[in-house]
Amino acid sequence: MFRALNLLRCRLIEPPCPRLAAPKILSFPLSTKQSNEPDPQDVVSLINRDPTSPPRLFVVQPRLRPDAALHARLDEALCLANSLEEQRDGFFHTDFFEKGLPPHVVVQNPAARSPKPRADTYFGPGTVDNIKIHLNAAEEKGEIIDAVFVNAILSGIQQRNLEMIWGKPVLDRVGLIIEIFNAHAFTKEAKLQAELAALMYKKTRLVRVRGPNGRLTFGVGGEAEVVSARGRGSGGQGFISGAGETELQLQRRRIAERRSRLLSHIEEVRRTRAVQRAGRKRHGGSFGLGLSTVAVVGYTNAGKSTLVGTLSDSDVYGDDRLFATVDPRLRSVVLPSGRKVLMSDTVGFISDLPVQLVEAFHATLEEVVEADLLVHVLDSSAPNLDEHRSSVLQVLEQIGVSENKLQNMIEVWNKIDLQEVDEMHSDGALLDAEEVEFENLSGEDDESVLSEISCQESSGEGIDRSTTASGDDEVVAEQSEGELEYEEDEDRLCEVSSGELDDLAITSNTPGSSIRQAQSAASDERYQSYKCGPDVKTSAVTGVGLQELLELIDEKLKAQDESVKSERVVERGAFDRKWRPPRENDAGIAVEQ
Ligand SMILES: Nc1nc2c(ncn2[C@@H]2O[C@H](COP(=O)(O)OP(=O)(O)OP(=O)(O)O)[C@@H](O)[C@H]2O)c(=O)[nH]1
Ligand SMILES: [Mg+2]
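What you see is a predicted model, and the numbers here were worked out from it, not measured in a lab.

Let's shift gears to the packing of aromatic side chains. This model, assessed by the stated rule, comprises three aromatic pairs. When the ring of Phe 181 is compared with that of Phe 323, the centres are 4.8 Å apart and the planes differ by 50 degrees; the resulting orientation is tilted. Pair noted here: Phe 181 is in helix 7 (residues 173-184) and Phe 323 is in the loop between helix 10 (304-312) and strand 8 (329-334), with a separation of 142 residues, a long-range link. Pair check on accessibility: Phe 181 and Phe 323 agree, each one buried. Geometrically, the ring pair formed by Phe 181 and Phe 361 is edge-to-face, given 5.2 Å between the ring centres and 80 degrees between the ring planes. In this pair, Phe 181 sits in helix 7 while Phe 361 sits in the loop between helix 11 (355-360) and helix 12 (362-370), placing the two residues 180 residues apart along the sequence. Overall, the relative accessible area of 2% leaves Phe 181 in the buried class. Three or more aromatic residues joined by ring pairs make a cluster, and in this case those are Phe 181, Phe 323 and Phe 361.

Right under this line is the structure:
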């Protein structure tokens, strides 16, 4: 991924080629369609997803310290922005490297200045204005910007207010990841799960705003919805909603209906998978043993699919886009001992993986929980490898992988071929990273923009948006029903889950990143108990270390079989063997006779 960005940066030096396509009409989801049955495609899409022309995002990255962390996070944000593209026929039709570097800006991080970012706009007013200036500058240069991606977790109100001020749809980190899953899902199973995640996310985005005509509206997009906040018609309340239900109730009802339909389809998928797994265990193996499964897990873009493809000598689609794999795949691999195992390639993880995705992809992730052995693939060239490791361990724990399996997991440092190259070019890479940090669209250096923002904010020059009109629209920043909805939604998720996701729900949905940081520091410490460091170093591309990896898998599975056998013997020894008198007594009886 980092290599990919280096390439992208090189291309940035060339003047950006303005796209000549006509501006797209943005599809605002959950608009007030009068039909009772929402178009499923309408429900899924958070922004316009034209299969033939991927949306162009403007990336806003809050500053992080140290700089290395900022560069890693910015790299990831740019890759996320470029990864949003509809998959057609199981493939992406554009070359990842051909996409230019998305327009982006690094701004003051509100979490660094106060424990709680602003409730209404997340950023301070100066930062919000400057982002708008950058957006305008980009558009004046001929860039087409379909949406703004803020690489932070925003509440529904913050997202909505920023949309009103910037005049563009806004995606936060959770929204974009969910959108990418939706765009990349290909099989029915993945599509169902991705849609469920999008639906649950949308439910948290139903906020109330005051429209141009002063009336309150609900919904995500807002430009078309002009309804009463408290009710309309006969004002029906209670259990039966109908003619008198409010717009919010209507939206909620649609979501709830769709959600229960999706859940029942997903339950079918889960049952089918469980039956198939049991069948494989019983019949598929050799050496008198069931067929073992090895789940390959890891951060997105670590090289899982490439590794599984190479080991199984089959075509498993790998790509530089993040979350290239959303549809799980199983491939058979023959180990050096001759034993056949199944390797499962599954979805990649990321820090702040949305709780909606973890919950929705439960059926897929069950393969990981049920696997006999886990192989954790890490991109050894990633500067924040430790962060990647703890993000993956966190998700594995949350989906219910046992402590035993985590301790027994094989850690693979992949892309080892890149390390040599990186060492050779380390000076160049640093320069490259600086280039990105100071690049911005107005041509000023970023530091000056940042200090400008700080000055405006500290001198109170920025105006409080919670009470001020911006353009024609007054943005309501009061606690709205959207926020209540938010909490309710978490409850529902916890209800559905096995109760293990509470922590993640808080982590993913709390805009105050200081809480997240404290939690992640605590979890990092917790993960110190697991072995850190490579068991084997590989290159899925050149084949280095692959034989060693296969031998290690063989060894681990053999050791597991031995321990299972001895456990069985101990169990049988203690409880199953029929009682018979000791030998001396036998002898005594014989003598007496
Ligand atoms: N140089 C190098 N590139 C690799 C290696 N393994 C994978 N890649 C590249 O890394 C990119 C991502 O590989 P994937 O196999 O799609 O990664 P993944 O972990 O499956 O990613 P997701 O499915 O998005 O979670 C692809 O462009 C691969 O060609 C490696 O060992 N060396
Ligand atoms: Mg993959």
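With 16 residues, helix 5 (residues 125-140) extends 23 Å between its outermost C-alpha atoms, agreeing within 8% with the 22 Å of an ideal straight helix rising 1.5 Å per residue. Of the positions making up helix 5, those classed as buried are Pro 125, Gly 126, Thr 127, Val 128, Asn 130, Ile 131, His 134, Leu 135, Ala 137 and Ala 138. Once helix 5 ends, the next one or two residues include Gly 142, with phi positive near 100 degrees.

In this section: the confidence of the model for the protein. Counting all residues, the mean pLDDT for the protein is 70, and 59% of those residues have values of 70 or more. Low pLDDT, under 50, characterises residues 587-593; the stretch is placed with zero contacts to residues that sit more than four places away or in other chains.

The pairing of strand 8 with strand 9 (residues 340-345) spans six bridges and is classified as antiparallel. Counted as the bridge partner of Arg 329 is Asp 345 from strand 9.

This part covers the sheet that holds strand 10 (residues 373-379). On the basis of which strands lie adjacent, the open sheet formed by six strands has the order 8-9-7-10-11-14 and mixed pairing. Edge strands, defined here as strands with exactly one partner in the open sheet, are strand 8 and strand 14 (536-537). Taken strand by strand, helix 13 (residues 385-398) contacts strand 7 (292-298), strand 10 and strand 11 (410-414), and its axis lies near 150 degrees from that of strand 10.

Here we take up the nonpolar core. Generally speaking, a soluble globular protein has its nonpolar side chains buried in company with each other. Counting residues in each nonpolar core, the largest one holds 69 residues, and the members touching the most others are Leu 80, Phe 181, Phe 323, Phe 349, Phe 361, Leu 396 and Ile 399. In terms of residue count, helix 8 (residues 188-203) provides more of this core than any other element does, nine residues in total. Residues within four places of Phe 181 in sequence aside, it is in contact with Ala 194, Phe 323, Val 326, Val 347, Gly 348, Leu 357 and Phe 361. Counting residues in hydrophobic clusters, the runner-up holds 24 residues, among them Val 296, Val 341, Val 375 and Val 377.

Definitions and limits used
- Per chain, residue numbering runs from 1 following the sequence as it is written.
- Key to labels: chains lettered from A, ligands numbered from 1, both in the order written.
- Confidence filtering applies because this is a predicted model: local features only for residues at pLDDT of at least 70, side-chain atom pairs given and counted only at 80 or more, and all residues used for totals across whole chains, interfaces and linings.
- Hydrogens and waters are ignored; side-chain quantities use all the structure's heavy atoms.
- Only centres within 6.5 Å qualify two rings of Phe, Tyr or Trp (six-membered ring in Trp) as a pair; their planes then separate them into stacked at under 30 degrees, edge-to-face at over 60, and tilted for everything else.
- Secondary structure elements follow DSSP: runs of H or I of four or more residues count as helices, runs of E of two or more count as strands, with numbering from the N terminus.
- Partly exposed residues are those whose accessible area sits between 20% and 50% of the maximum for their type, while under 20% is buried and over 50% is exposed, using a 1.4 Å probe and protein chains only.
- Here the expected span of a helix is defined as 1.5 Å times the quantity of residues minus one.
- For every residue, the predictor assigns a confidence score, pLDDT, that lies between 0 and 100.
- Contacts are assigned to residue pairs with any non-hydrogen atoms lying within 4.5 Å of each other.
- Strands were regarded as paired on the criterion that DSSP finds at least two bridges between them.
- Axis definition: a line fitted to C-alpha atoms, limited for helices to the stretch in contact. Angles are taken between N-to-C directions and run from 0 to 180 degrees.
- Among buried residues, those of type Ala, Val, Leu, Ile, Met, Phe, Trp, Tyr and Cys that are joined through side-chain atoms within 4.5 Å constitute a nonpolar core.

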